[in-house]
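A closer look at the structure
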Amino acid sequence: MSIDTIGDWERTNDCGSLRKEDIGRGAVLMGWVHRRRDLGRLIFIDLRDRFGLTQIVFDEEADPESHNKAAILRNEWVIAIKGEVAARLAGQENPELPTGDIEVKAKELKVLNESAIPPFQVDGKIDASENLRLKYRYLELRRPALVHNLVMRHEIALHIRNFLSGEGFMEVETPALTKSTPEGARDYLVPSRVNKGLFYALPQSPQLFKQLLMMAGFNRYFQIVKCFRDEDLRADRQPEFTQVDLEMSFTNERGVMGVGEAMMADLFSAVLGVQIPRPFPVLEYSDAIDSYGSDKPDIRFNMELVDLTNLFASSSFKLFSSTIEKGGLVKAIRIEDGASFSRKELDSLDSSVTNSGAKGMVWAKLRFEGWQSSVAKYLTPETTHAVEERLGGKEGDLILFVADKAQQANQALGNLRIEMAKRLGLIKKGGYSFVWVTRFPLLEYSDEEGRFVAVHHPFTAPLEEDIFLLDERPEEVRARSYDLVLNGAEIGGGSVRVHTLELQNRIFRVLGLSEEEVQEKFGFFIEALGYGAPPHAGIALGFDRLVAIMVGADSIRDVIAFPKTQRATCAVTNAPSKVYKEQLTELGLSLIDPGIDTDFS
Ligand code: ASP
């Protein structure tokens, strides 16, 4: 088959745009053969581009030459056709397709390129392994579902840019070759050739630069920016990911949260046609943990955790009373109409409990004749009555108890809450529930490092009324921080920043950093704080996760054009890869493990 050139053909339409109103018009379409059906005299081609599918008909009687050419077309060949838009025969319309009322009767066909047989069917179900699909990502990106995700990603980004720009934010690019800023993960390092032995780091976030922009007086900054974190691969994380990063001067928590909410409400209304009620609910961190057992609570359903510790303090049920004696808690959730869960189903909940480090769970089914539970015989009628009253229990309900140290009990019940909601179908698709979680602890003790570390980052301001605790009881200091949670996923976080030299130095001291370490790591930043830093605050949203939730994708990989694999490699290019010895020499580097550098260096 000869390959034609486009010559003077001009495409009049993309493959998604022809409608009934175009019937009778001439059209030139170009695209990929999505599917071919050969009925002998008639050959049907579904012609595809990123805008849609159009049915093309080749009729042997009307145009034998094109028909002959069409007979040898294969999937994924690139063709151009000239023809006339016609109504589909009555009963042959396809209501699923926007172009489903029409077809194009081909009068001329050019083959613009052939295609090798693809390793998986572009039009088929997702049957190939993920690795194969990632290797041939450009073929997978021809699939309408992925095209849709990326079109949405583009629209969401565009909308955010326009919104923020309208609110007086200005997009400023910050360096990608920089000094590491501590966000708690490992840096990707880039060796310097000009300054041998020295390294840049790829930014984990533009945190310090955006603060410097506030000190420069830019007032409102934003950036849709790539960030890099060399973390051990957990599910649904990417080593490079995108943040919507913003920072504002002369404002506080309310200012940033207000902009964040307005941006989300505007975005969801414009892109999804969904009205999000404002203001978003706000939960303090400690309340989120107490009531939902999580710092990213899914509030699309209730089933809140209830503390029953005082009811069981002197109970003859030893598991409960001895846990309480050791300073632990007894907490429970009530699952409405949950008594129908079988023993087997309840046993299968164990992993939700043990994954959080808790030792176990006790259940009780509320029956007409009383509690059906292994603990029933240890409890007085007053106690069971009090438990029911506190939880609002009624016949047919199920109560799950966990007795453990506070952290384990909360986490276990938090997990059970989500698991039960999933099993009961309480989480409706398509609903969006935003909540702010504020006032996280500023610091937490790291056993590994033997010192306090910042929960967010060291530039987060402590709550004014807690500053006096900084030296004596640092773990009790609350931060002026706020996380944005959507449907139980953290989609963003930020804080009011420390803006005085004195307080910033004090926090570095509490973090156990010596004068020298501070100078070495943050000298430039400390110095800048000394030249009139305005009060400022900001937030960063995880753009990939936000898009994934908005398009209903299970994984952020489905909204990234070329994602990394679970092993942090690029399946298309095979990065990371070996380099030539000369490249290493030029950088003043050599590899410790010669096993790694066989072919090249
Ligand atoms: N830089 C922070 C982060 O990436 C967000 C912020 O505090 O603005 O998590």
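The present account deals with the structure reproduced in this document. (Residues numbered from 1 in each chain as written. Predicted model: local features only at pLDDT ≥ 70, side-chain atom pairs only at ≥ 80, totals over all residues. Heavy atoms only, no water.)

**A look at the overall build of the protein chain**
Put simply, the rule is: Working definition: helices are DSSP H or I runs of at least four residues, strands are E runs of at least two. Numbering for both runs from the N terminus. Partly exposed describes any residue whose relative accessible area lies between the buried limit of under 20% and the exposed limit of over 50%, with all areas from a 1.4 Å probe on protein chains only and scaled to the type maximum. Note on definitions: a residue-residue contact is assigned when non-hydrogen atoms from the two residues lie within 4.5 Å. To be clear on the numbers: accessible area is Shrake-Rupley with a 1.4 Å probe, and residue cover counts the displayed protein chains and nothing else.
Of the regular secondary structure elements, the protein chain holds 17 helices and 22 strands. Along the first, second and third principal axes, the C-alpha set of the protein chain runs to 95 × 75 × 55 Å. By the burial criterion, 47% of the 601 residues in the protein chain qualify as buried. Taking all contacts inside the protein chain whose residues are at least 6 apart in sequence as the whole, residues at least 24 apart take part in 67%. Surface summary for the protein chain: the accessible area is close to 30,300 Å², and the carbon and sulfur share equals 50%.

**Remarks on the site of the ligand**
Here is the rule: We call a residue near a molecule or strand as soon as one heavy atom of that residue lies within 4 Å of the molecule or strand. Polar contact criterion, stated in full: a pair of N or O atoms within 3.5 Å, where within protein one must be able to donate a hydrogen and the other to accept it, and residues adjacent in sequence count only if both atoms are side-chain atoms.
Neighbouring the ligand are 12 residues, the closest being Gln207, Lys210, Gln243, His457 and Arg497. With respect to the ligand, the side chain of Lys210 contributes an N or O atom lying 2.7 Å from an oxygen atom. The side chain of Arg497 places a nitrogen or oxygen atom 2.8 Å from an oxygen atom of the ligand. Protein chains bury 88% of the 270 Å² of accessible surface belonging to the ligand in isolation.

**Re empty space enclosed by the protein**
For the record, the criterion: Both site types are read off a 1 Å grid over the protein atoms alone. A 1.4 Å probe that fits but cannot get out defines a cavity, while an open set with protein on both sides within 12 Å along at least five of seven lines defines a pocket; lining residues have an atom within 4 Å of a point. Grid points are joined across faces, edges and corners, and a volume is the space filled by probe spheres set on the points. Asp, Glu, Lys and Arg are counted as charged, while Ala, Val, Leu, Ile, Met, Phe, Trp, Tyr, Cys and Pro are counted as nonpolar; the rest, among them Gly, fall into the polar class.
The tally for this structure, following the rule as stated, stands at two cavities of 30 Å³ or more. Reported here for the largest cavity is a volume of approximately 50 Å³. Residue lining of the largest cavity: Leu233, Arg234, Arg237, Gln238, Pro239, Arg557, Lys564, Thr565 and Gln566, and that is the complete set. Taken together, the residues that form the lining of the largest cavity break down as two nonpolar, three polar and four charged.

**Here we look at the sheet that holds strand 1 (residues 26–38)**
Definition in use: In this description, strands pair whenever DSSP reports at least two bridges between them. In this analysis, axes come from line fits to C-alpha atoms, helices being fitted only over the stretch in contact, and the angle between any two N-to-C directions falls in the range 0 to 180 degrees.
The strand order 1-2-3-5-4 describes a closed barrel built from five strands, whose pairing is mixed. The average undirected angle you get between the axes of adjacent strands in this sheet is 55 degrees. Where strand 4 (residues 78–87) and strand 5 (residues 102–113) come together, 10 bridges link them in antiparallel fashion. What sits directly across from Ala86, in strand 5, is Glu103.

**Brief notes about the layout of surface pockets**
Where empty space is left in the structure can be found by rolling a water-sized probe over the atoms. Roughly 590 Å³ of volume is contained in the second largest pocket. Tyr188, Leu189, Leu202, Asp230 and Pro576 are, among the 20 residues lining the second largest pocket, the residues nearest its centre. With three residues, the top contributor of residues to the lining of the second largest pocket is strand 7 (residues 189–191). Considered class by class, the residues forming the lining of the second largest pocket number 14 nonpolar, two polar and four charged.

**A word on the sheet that holds strand 16 (residues 398–404)**
Pairing is antiparallel across the open sheet formed by five strands, whose spatial order is 12-13-16-14-15. The open sheet terminates on both sides in strands that have one partner only, identified here as strand 12 (306–307) and strand 15 (370–373). Summarising the sheet, strand 13 (residues 329–335) and strand 16 pair through seven bridges and their orientation is antiparallel. By the bridge assignment, Leu329 is partnered in strand 16 with Asp404. Across the sheet, helix 13 (residues 406–424) touches strand 13 and strand 16, and the angle it forms with strand 16 is around 155 degrees.

**Some remarks on helix 7 (residues 285–292)**
Along helix 7, the positions that sit buried rather than exposed are Ala288, Ile289, Ser291 and Tyr292. Considering only its buried residues, helix 7 is in contact with strand 11 (282–284), strand 13, helix 13 and strand 17 (434–438). Just past helix 7, the residue Gly293 takes up positive phi, approximately 65 degrees.

**A word on the pairing of strand 15**
Both strand 14 (residues 362–367) and strand 15 contribute to a ladder of four bridges, which runs antiparallel. Counterpart to Ala364 in the pairing with strand 15 is Ser373. The antiparallel pairing of strand 14 with strand 15 creates a hairpin that spans two residues between the two strands.

**A look at a negative patch on the surface**
What counts is decided by this rule: The patches reported here contain residues having more than 30% relative accessible area and no salt bridge. Joining distances are 9 Å for like charges and 5 Å for nonpolar side chains (Val, Leu, Ile, Met, Phe, Trp, Tyr). Salt bridges, as used here, are contacts in which a Lys or Arg side-chain nitrogen is within 4 Å of a carboxyl oxygen on Asp or Glu. Counting rule applied: Lys, Arg positive; Asp, Glu negative; His and chain ends not counted. To locate a charge, take atom NZ for lysine, CZ for arginine, CG for aspartate or CD for glutamate.
Together, Glu515, Glu516, Glu517 and Glu520 line one region of the surface with negative charge. The residue Glu515 is located in helix 15 (residues 515–529) in this model. By relative accessible area, which is 58% here, Glu515 ends up exposed.

**Considering unusual backbone geometry**
Glycine aside, negative phi is the norm for most residues, and most peptide bonds take the trans geometry. Here the bond from Arg278 into Pro279 is cis, since omega is -5 degrees, no more than 30 degrees from zero. Among the structural elements, Pro279 can be located in the loop between helix 6 (253–272) and strand 11. The linkage connecting Ala575 with the following residue, Pro576, adopts the cis geometry, with an omega of 0 degrees. Mapping Pro576 onto the fold places it in the loop between helix 16 (543–551) and helix 17 (581–587). Here Phe250, not a glycine, exhibits a phi torsion of approximately 50 degrees, which is positive. With respect to the element layout, Phe250 can be found in the loop between strand 10 (240–249) and helix 6. Residue Arg439 is not a glycine yet carries a positive backbone phi of 55 degrees. Position of Arg439 among the secondary structure elements: in the loop between strand 17 and strand 18 (443–446).

**Some remarks on the nonpolar core**
Put simply, the rule is: As used here, the term nonpolar core means buried Ala, Val, Leu, Ile, Met, Phe, Trp, Tyr and Cys residues forming a set that is joined through side-chain atoms within 4.5 Å.
Ranked by internal contacts, the top residues of the largest apolar core, which has 70 residues, are Ile160, Leu164, Met263, Met264, Phe268, Phe434 and Leu470. No other element matches the eight residues that helix 6 contributes to this core. Dropping the residues within four chain positions of it, Met263 is found in contact with Ile160, Phe163, Leu164, Val244, Leu246 and Leu541.

**What to know about a nonpolar patch on the surface**
Taken together, the side chains of Tyr138, Phe562 and Val572 present a nonpolar region at the surface, about 290 Å² in accessible area. You can see Tyr138 is positioned in helix 3 (residues 137–140).

**Overview of the environment of Leu529**
Within the secondary structure layout, Leu529 lies in helix 15. The exposure class of Leu529 is buried, given its relative accessible area of 4%. In sequence terms Leu529 and Leu109 are 420 residues apart; their C-alpha atoms lie 68 Å from each other. In this structure Leu529 touches Met215, Val498, His499, Thr500, Leu501 and Gln504, once residues within four positions along its chain are discounted.

**A closer look at helix 6**
Note: α-helices contain 3.6 residues per turn, so residues at a spacing of three or four share the same orientation. Threshold: By this rule, a helix spans an expected 1.5 Å times one less than how many residues it contains.
For helix 6, built from 20 residues, the straight-helix expectation of 28 Å at 1.5 Å per residue is met to within 8% by its first-to-last C-alpha distance of 27 Å. When helix 6 is considered as a whole, its buried residues turn out to be Glu253, Val256, Met257, Val259, Gly260, Glu261, Met263, Met264, Ala265, Leu267, Phe268 and Val271. In this structure Asn252 caps helix 6, since a side-chain oxygen of it lies 3.1 Å from the backbone nitrogen of Arg254. Immediately downstream of helix 6, the backbone of Gly273 shows phi near 70 degrees, a positive value.

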